[in-house]
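Coordinate analysis (summary)
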Amino acid sequence: MDVVVDDEGYQDPTIEEHRIVRTPSISLREVPDEDDGYQDVFPCNDDRSVIERKPSIPSLRSDPTEPPPLRLPPSDFSLRDYVLATGKGGSWNEKFQQLMEGRSEDPAKEMIRVNQLLDLSRRFDARALEIGEQIIQDLFLPMESRRYRPITHLLGGIAGGDKYVEDGILFKLALDSRGIYGEDAFAMKAAHHDLKSVMALIDCKIQGLHLPLLGVVHHRGYAMSAQAIIPIDGIRSHKYGSRDGGSSMKTDAHFIRLLGTACSILNLQPHYLNGVKVCGAGDMEGHLGTDGRSYVIDTARLFPPVHPINKARGSFLYRLFRPEFLQQLKFPLNSDAFSKFARVIFSS
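All chains use their own residue numbering, which begins from 1 and follows the written sequence. Whole-chain, interface and lining totals are the exception, using all residues; otherwise, since this is a predicted model, local features are given only for residues with pLDDT of at least 70 and side-chain atom pairs are given and counted only at 80 or more. The side-chain quantities take in all heavy atoms of the structure and omit both hydrogens and water.

**Considering the overall build of the protein chain**
Scanning the protein chain for helices and strands turns up eight helices and 15 strands. For every residue, the accessible area obtained with a 1.4 Å probe (protein chains only) is divided by the maximum for its type, and the residue is called buried under 20%, exposed over 50%, and partly exposed between those limits. Buried residues in the protein chain amount to 51% of all 348 residues. Contacts are assigned to residue pairs with any non-hydrogen atoms lying within 4.5 Å of each other. Look at the contacts in the protein chain between residues 6 or more apart in sequence, and 64% of them connect residues 24 or more apart. Throughout, the Shrake-Rupley method with a 1.4 Å probe supplies accessible areas, and for residues the shown protein chains are the sole cover considered. Counting every atom, the protein chain has about 16800 Å² of accessible surface; 51% of that belongs to carbon and sulfur. Secondary structure is summarised from DSSP: a helix means a run of H or I of at least four residues, a strand means a run of E of at least two, and numbering begins at the N terminus for each.

Structure representation (structure tokens):
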């Protein structure tokens, strides 16, 4: 993979047919808007044009005007239940967390750790790309002919496309399957915002705050996130944030301390939803893993949105300020501004 560094110091990983962007060793190209500091992420093109799906690839939805029926799993079913039943848990996360916890002041030991981290990232990249390519290539085959089959009906969720689990990796196809983003290209952009936010939180270097190993696979005009499965247990391990779009909120002093420190570094404003203090976006989740670690997931909306575009559905989900812009401000911004969570903020 070639990495091109432009005049502004951004890294632009490129490859002719497909590419994968990984954390923490490689960054996305971030293109600042001249007027409002809005960040554009262009995962598929290098000419800074609007992301467009290749016209030869039809939509996955037979009728784009009608969202597919929403099938919800039992409320107490979790990804961990599926992993334990199928043995597809893998060991990516444990190796990654051990390396992230092993920072050393000794230059020699730190060099060894960084090299091991790079090796793990490359192996994760290669495996995620191999599986992700096969999933995308099989999208239009009959279900019985596919090598990997979706388990969306078991895991639930409204935003995004189908979900897959294989070799310790959770894959989420970035599609606007329920019309939340306005079009598939913006769903792809949201997947990259999740990656960008994970990288920003990792760079805060907060002891006790754990993030997943995450990447985004691009192939044949499609994008899908690839995340190492972390040992959380759905509603049973959920300690902080909202799992239902803000209808209910959980709070936890430990997560408030961790994310409050991150917000102060990133210049984000803590706020209240339904009387509960929130640091970052309201739909970020904090989980106490079965390994005793404190994990934060669903970070795509960590950074605040710009003023919404008129008649642009869901623009608060993908038109977000870039981290560098926030660092230049003399006041913090609210991650939930202009979102549906804002109605709850003001009513509180």
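Structure's up, so let's keep going.
**As for the sheet that holds strand 11 (residues 238-241)**
Taken together, four strands build an open sheet; the order of strands is 8-15-14-11 and the sheet is mixed. The outermost strands of the open sheet, each flanked by one partner alone, are strand 8 (209-210) and strand 11. Relative to strand 15 (residues 294-297), strand 8 runs parallel, the two being bridged by two bridges. Each bridged residue has a counterpart across the sheet, and for His210 the counterpart in strand 15 is Tyr295. This element, helix 6 (residues 253-266), spans strand 8, strand 11, strand 14 (285-288) and strand 15 of the sheet and lies at about 65° to strand 15. We call two strands paired when DSSP finds no fewer than two bridges between them. Here an axis means a line fitted to C-alpha atoms, over the contact stretch when the element is a helix, while the angle between two N-to-C directions is reported on a 0 to 180 degree scale.

**As for the packing of helix 2 (residues 92-101) against helix 3 (residues 107-137)**
Describing two packed helices takes the angle between their axes plus the distance from one axis to the other. It is the contact of helix 2 with helix 3, at a shortest axis distance of 10 Å, that shows an interaxial angle of 155°. With respect to their mutual orientation, helix 2 and helix 3 come out roughly antiparallel. Here the hand of the crossing between helix 2 and helix 3 comes out left-handed. Touching Trp92, Lys95, Phe96, Leu99 and Met100 of helix 2 are Arg113, Gln116, Leu117, Leu120, Arg123, Phe124 and Arg127, all from helix 3. Between 65 and 115 degrees an angle is taken as roughly perpendicular, under 35 as roughly parallel, over 145 as roughly antiparallel, and anywhere else as oblique. Here is the rule for handedness: rotate from the far helix to the near one, and if that takes an anticlockwise turn smaller than a right angle the crossing is left-handed, while a clockwise turn gives right-handed.

**Focus: the pairing of strand 10 (residues 222-228)**
Along any regular strand the residues' side chains alternate between the sheet's two faces. Of all seven residues making up strand 10, seven are buried, and the element is well covered by its neighbours. Residues Tyr222, Met224, Ala226 and Ala228 line one face of strand 10 and the alternating positions Ala223, Ser225 and Gln227 line the opposite face, and both faces are buried. Two elements, strand 7 (residues 169-173) and strand 10, share five bridges in a ladder whose sense is antiparallel. Counterpart to Ile169 in the pairing with strand 10 is Ala228. Examined bridge by bridge, strand 9 (residues 214-219) and strand 10 share six bridges and lie antiparallel to one another. Paired with Val217 across the bridge in strand 10 is Met224. What sits between the antiparallel neighbours strand 9 and strand 10 is a turn of two residues, in which Arg220 has the positive phi angle 55°.

**Here we look at the environment of Met224**
By secondary structure assignment, the location of Met224 is in strand 10. Judged by relative accessible area, Met224 falls into the buried class, the value being 0%. Between the C-alpha atom of Met224 and that of Leu129, which follows or precedes it by 95 residues, the distance is 9.9 Å. Residue contacts for Met224: discarding those within four places in its chain leaves Gly132, Ile135, Ile136, Tyr164, Phe171, Lys172, Leu173, Ala174, Gly215, Val216 and Val217.

**Let's talk about helix 3**
How far a helix is expected to stretch is found by multiplying one less than its residue total by 1.5 Å. Between the first and last C-alpha of helix 3 there are 44 Å, a value that for 31 residues agrees with the 45 Å anticipated at 1.5 Å per step. The distance from a side-chain oxygen at the start of helix 3 to the backbone nitrogen of Ala108 is 3.0 Å, and the residue carrying that oxygen is Asp106. We call two N or O atoms a polar contact when they sit within 3.5 Å, provided that within protein one can donate a hydrogen and the other can accept it, with sequence-adjacent residues counted only if both atoms are side-chain atoms.

**What to know about the confidence of the model for the protein chain**
Keep in mind that low pLDDT regions are not for reading the predicted coordinates in detail. Across the protein chain, the average pLDDT comes to 80, with 74% of residues at 70 or higher. For every residue, the predictor reports its confidence as pLDDT, a number between 0 and 100. Predicted confidence is poor over residues 1-73, with pLDDT under 50, and the contacts of this stretch with residues over four places away or in other chains come to 174 contacts.

**Some details on the pattern of salt bridges**
Salt bridges are counted wherever a side-chain nitrogen of Lys or Arg sits within 4 Å of a carboxyl oxygen of Asp or Glu. Tallying each qualifying case throughout the model produces eleven salt bridges. With a closest N to O distance of 2.8 Å, Arg127 and Asp167 form a salt bridge. Of the two residues, Arg127 is situated in helix 3 and Asp167 in the loop between strand 6 (163-166) and strand 7; the sequence distance between them amounts to 40 residues. When its relative accessible area of 22% is taken as the criterion, Arg127 is described as partly exposed. For Asp167, a relative accessible area of 30% translates into the label partly exposed. For the salt bridge of Glu285 with Arg243, the shortest nitrogen-to-oxygen distance reads 3.7 Å. Taken as a pair, Glu285 in strand 14 and Arg243 in the loop between strand 11 and helix 6 lie far apart in primary sequence, 42 residues in all. Salt bridges linked by common partners bring Glu94, Glu101, Asp291 and Arg293 together as one network.

**Describing the environment of Tyr148**
Along the chain, Tyr148 turns up in the loop between helix 3 and helix 4 (152-155). When its relative accessible area of 10% is taken as the criterion, Tyr148 is described as buried. On a C-alpha basis, the gap between Tyr148 and Ile131 in space is 8.3 Å, while along the polypeptide they are 17 residues apart. Each residue touching Tyr148, except ones within four places of it in the same chain, is listed here: Ile131, Gln134, Ile135, Tyr164 and Glu166. Of note is the side chain of Tyr148, whose polar atom sits 3.4 Å from the side chain of Arg147.

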